[in-house]
Amino acid sequence: MTSGLPENGAITVSLSELMELAGFHASGHYRALTRQSLARLSTANFEINGGWRDHPNRRWITTTFHFIESLTYTHQGEAGVFDERTTMEIRLASQLVASMRSGYTKPLNMTFMKSLSRPKTRILFRLLDAIRHDPEEPEHTSDTFETSLVEWADQCKISSVRMQDMHRALASPHEELIRRGYLREVTYSGRGQRQRVFYEFAPSFTQIDASLLARFRGHGVTDGVSRALAQTYNITLLLTRIEQFEDLLESRQLVVKKSAAAALVHLIKNPDQYEAPARKTGDVRVNSRMAEDKARRKAEGPPAPESALEDWVATMSPSERGDHLSRQLRLLLGSRLSALELDHLRFRAVTGELDVTAVLRDALRHTSERRIDGFLLSLRASLRDVGQPI
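The sections below set out a description of the structure shown in this document. These numbers were taken from a predicted model, which means no experiment stands behind them.

Okay, the packing of aromatic side chains next. What describes a pair of aromatic rings is the distance from one ring centre to the other and the angle between the planes of the rings. Counting across every chain of the model gives 9 aromatic pairs. Ring geometry for Phe24 against Tyr30: centres 5.1 Å apart, planes inclined by 35 degrees, an arrangement best described as tilted. The exposure class of Tyr30 is partly exposed, given its relative accessible area of 25%. Taken together, a centroid distance of 6.3 Å and an interplanar angle of 15 degrees make the contact between Phe145 and Tyr199 stacked. Placement of the pair is Phe145 in strand S6 (residues 144-148) and Tyr199 in strand S8 (residues 196-201), with a sequence separation of 54 residues. According to the relative accessible area criterion, Phe145 is buried, its value standing at 14%. Directly above the ring of Phe347 sits Arg85, whose terminal nitrogen or CZ lies 3.9 Å from the centroid. Between the NZ or CZ atom of Arg132 and the centre of the ring of Phe201, over which it lies, the distance is 4.1 Å.

Right under this line is the structure:
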């Protein structure tokens, strides 16, 4: 989600960022494991029978695909070996991209899941978080869920067939999810093999994605309203409608009468009352300006004061500093920088050869002034000046 929803499904990310998201340690062993995992996702065939949905057209889809259509990455030595500098461009399967952009594929709350203490709790959370969404109306969530205990234990990978073992295996995950505020209550009914488990979700639980919260703040929507919307609609649908709102403003098909916040909330709740944004495909300058403005709005919140930004960057480790620069440039510039260019920039940030705060201030200023092409030229020239082959 931090990359938005690119139409071509291409995501540029550093190896260290990807390993952090996966919960891997920064070591050679886990670099090799990450490479093997990506290779499998690039070559293994996945077949989904009636499990996906073309939600706008209300049609089910059966499809066979590779999860990753293409993988491009930088490296120092032999091909097939990642190093600590590796930056990659991952292009996802078109079927997966279409499903995400249509609002049907639900993103996982990685922050909350990684904070859970037990693997079994994480498995249970993933199952519950997915199953409480109606496949016919994925933007709506259920407050309760009931199922057969025997069938549920099988889905939770509990191998024992003894009912007391099922209760024991689920007890700790249940306790943690209740303590963390995700579940309100768990009860059992029935006897023997016919026992059923009933879940009641906590209505107040909403861990809104940070990038989504920043997008809302950019239009003046208060955090309370943002969280209320996140309780009703999934993040993919909200991001899609924010982009629709921004495109309508840019094309002047929508004129804000009261406030941008009120207009955006009305569009989210009443999408059928709004037309699709007009596209001026023949005007390169208009399209370029719209893309730059949208990239700027996708940045995580308003730029911090210079001293605050410098103090914040100063607290980061070299690797964190490099990842922060790479991530912010991707948010501001989209796909204008290649994986190789981001590799060089991140490396210079890690080694201290590049002033991260100066580059980010420069990028924000040029983006806001719609002079991004000049910034890119100077940035690429600086890489050539230090002998980096671009």
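Spatially, S6-S8-S7 is the arrangement adopted by the 3 strands of the open sheet, whose pairing is antiparallel. Two strands close off the open sheet at either side, each with one partner strand: S6 and strand S7 (183-189). Direction aside, the axes of adjacent strands within the sheet are offset by 15 degrees on average. In terms of strand pairing, S6 meets S8 through 5 bridges, oriented antiparallel.

On to unusual backbone geometry, then. Backbone geometry places Lys157, a non-glycine residue, at a positive phi of 65 degrees. Residue placement: Lys157 occurs in the loop between helix H6 (149-155) and helix H7 (163-179).

So, about empty space enclosed by the protein. In this approach the atoms are scanned with a rolling probe the size of a water molecule, which exposes any empty space left behind. Evaluated as defined, the whole model comprises 2 cavities of 30 Å³ or more. Computed from the structure, the second largest cavity encloses a volume of approximately 50 Å³. Taken together, Lys120, Ile123, Cys156, Ile158, Ala169, Leu170 and Pro173 make up the full set of residues lining the second largest cavity. Elements supplying a minimum of two residues to the lining of the second largest cavity: helix H5 (119-131) and H7. Among the residues making up the lining of the second largest cavity, the classes are represented as 6 nonpolar, no polar and 1 charged.

Helix H11 (residues 260-269) packs onto helix H10 (residues 235-250) with a crossing angle of 125 degrees between their chain directions and a minimal axis gap of 10 Å. By the angle between their axes, H10 is oblique relative to H11. Judged by the sense of rotation from one axis to the other, the crossing of H10 with H11 is right-handed. Residue-level contacts link Leu238, Arg241, Ile242, Gln244, Phe245 and Leu248 of H10 to Ala260, Ala263, Leu264, Leu267 and Ile268 of H11. Of the residues in the contact of H10 with H11, the class split is 9 nonpolar, 1 polar and 1 charged.

Turning to the nonpolar core, a few remarks are in order. In terms of nonpolar packing, the biggest core is built from 25 residues, with Leu128, Trp152, Leu177, Tyr182, Leu183 and Tyr199 touching the most fellow members. Take this core: its biggest share by element is 5 residues, from H7. In this structure, Leu183 is in contact with Leu128, Leu177, Ile178, Tyr199, Glu200, Phe201 and Ala202, ignoring residues within four places of it in sequence.

As a further point, take the pairing of S7. In this structure, S7 lies alongside S8, joined through 6 bridges in antiparallel fashion. Across the sheet, residue Tyr188 finds its bridge partner in S8, namely Val197. Between the end of S7 and the start of S8, which pair antiparallel, lie 6 residues, with Gly190 showing a positive phi angle near 85 degrees.

Attention now goes to the pairing of strand S1 (residues 10-14). By the criterion of burial, S1 is predominantly enclosed, with 4 of the 5 residues buried. In this sheet, strand S5 (residues 87-92) lies alongside S1 in antiparallel orientation, the contact comprising 5 bridges. Looking at the pairing, Thr12 lines up with Glu89 of S5.

Each value, and the rule that gives it
Residues numbered from 1 in each chain as written. Predicted model: local features only at pLDDT ≥ 70, side-chain atom pairs only at ≥ 80, totals over all residues. Heavy atoms only, no water. Phe/Tyr/Trp six-rings, centres within 6.5 Å; stacked < 30°, edge-to-face > 60°. Buried < 20%, exposed > 50% of the residue type's maximum accessible area, 1.4 Å probe, protein only. Helix = DSSP H or I, 4+ residues; strand = E, 2+ residues; numbered from the N terminus. Lys NZ or Arg CZ within 6 Å of the ring centre and 35° of its normal. Pairing = 2+ DSSP bridges. Axes fitted to C-alpha atoms, helices over the stretch in contact; angles between N-to-C directions. 1 Å grid on protein atoms, 1.4 Å probe; cavity = no way out; pocket = protein on both sides within 12 Å on 5 of 7 lines; lining within 4 Å. Points joined across faces, edges and corners; volume = space filled by probe spheres on them. Nonpolar A, V, L, I, M, F, W, Y, C, P; charged D, E, K, R; others polar. Parallel < 35°, antiparallel > 145°, perpendicular 65-115°, else oblique. Left-handed = near helix turned anticlockwise from the far one by under 90°. Contact = heavy atoms within 4.5 Å. Core = buried A, V, L, I, M, F, W, Y, C linked by side-chain atoms within 4.5 Å.

Interpretation in functional terms is not warranted from these geometric data alone.
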